[in-house]
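Each chain, letter by letter, is given below.
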Amino acid sequence: MNFNNMKNLVVLLISVFALSAFAQDINQAGDLFNEGNQAVKNNKFEVAIEKYTEAMEVAEKVGPEGEMIVINAQSQIPQLYYKLGVTDFKSKKIDKAITEFENAIEYGKKYNDPGTVEKAKATIPKLYYSKGATAYKNKKYEDALSNYQKAVDYNPEYSRAYY
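To start, this report covers the structure provided alongside it. Predicted model only: the values in this text are computed from it and were never measured. (Residues numbered from 1 in each chain as written. Predicted model: local features only at pLDDT ≥ 70, side-chain atom pairs only at ≥ 80, totals over all residues. Heavy atoms only, no water.)

### Section: the packing of helix 2 (residues 45–62) against helix 3 (residues 67–90)
Running from N to C, helix 2 and helix 3 point in directions that differ by 160°, and their axes come no closer than 9 Å. On the basis of their axis angle, the class for helix 2 and helix 3 is roughly antiparallel. As for how helix 2 packs across helix 3, the hand of that crossing is left-handed. Residues Phe45, Glu46, Ala48, Ile49, Tyr52, Thr53, Ala55, Met56, Ala59 and Glu60 of helix 2 form the contact with helix 3, whose own contacting residues are Ile69, Val70, Ala73, Gln74, Gln76, Ile77, Leu80, Tyr81, Lys83, Leu84 and Thr87. Here the residues of the contact of helix 2 with helix 3 sort into 14 nonpolar, four polar and three charged. (Axes fitted to C-alpha atoms, helices over the stretch in contact; angles between N-to-C directions. Helix = DSSP H or I, 4+ residues; strand = E, 2+ residues; numbered from the N terminus. Parallel < 35°, antiparallel > 145°, perpendicular 65-115°, else oblique. Left-handed = near helix turned anticlockwise from the far one by under 90°. Contact = heavy atoms within 4.5 Å. Nonpolar A, V, L, I, M, F, W, Y, C, P; charged D, E, K, R; others polar.)

Written out as structure tokens, the structure is:
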């Protein structure tokens, strides 16, 4: 085998390997995205966020071919944080719910989801008001005032916090 044939064989092997690795990466990104979808169907929102995040990381390495996976994953994440907040609120985990709604705002801004940002911003003052009302009933007046103030800080027009 002469040098040129050997060189061509090496180039061919490298090309095949590169294409194989590319196909594995895009397939892996798709599989992770689908695992995220399945987690959403099973109301496992934290797992879904993890899977979508992993899918984005893999898809970003692929380049333009992975762009749709990245875009689709990004569109899910703010809404999932919002759903986590709702779930925590229903479980009376108010502090955790506030954190999840704040995450919904952060990722909604990052991934351009103004609808989720607005819903979360409208919900947080109500949670602080609820915390304030509970503190007031328990005669923890400093905590009550602090939480009412936080409600007003989030939304100065939230009139319930003024009474």
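### Some remarks on the environment of isoleucine 71
Topologically, isoleucine 71 is positioned in helix 3. Note: C-alpha distance between isoleucine 71 and alanine 59 (12 residues apart in sequence) is 9.9 Å.

### Focus on helix 6 (residues 141–154)
The terminal C-alpha atoms of helix 6 lie 20 Å apart, and with 14 residues this matches the ideal 20 Å at 1.5 Å per residue to within 8%. Where helix 6 is concerned, the buried positions are Ala144, Asn147, Tyr148, Ala151 and Val152. The buried residues of helix 6 occupy one face: seen down the axis, they fall within an arc of 145°. Set apart from the buried face of helix 6 by more than 90 degrees, the exposed residues are Glu142, Leu145 and Asp153. On the buried face of helix 6, the contacting elements are helix 5 (114–137). (Expected span 1.5 Å × (residues − 1). Buried < 20%, exposed > 50% of the residue type's maximum accessible area, 1.4 Å probe, protein only. Arc of directions from axis to C-beta.)

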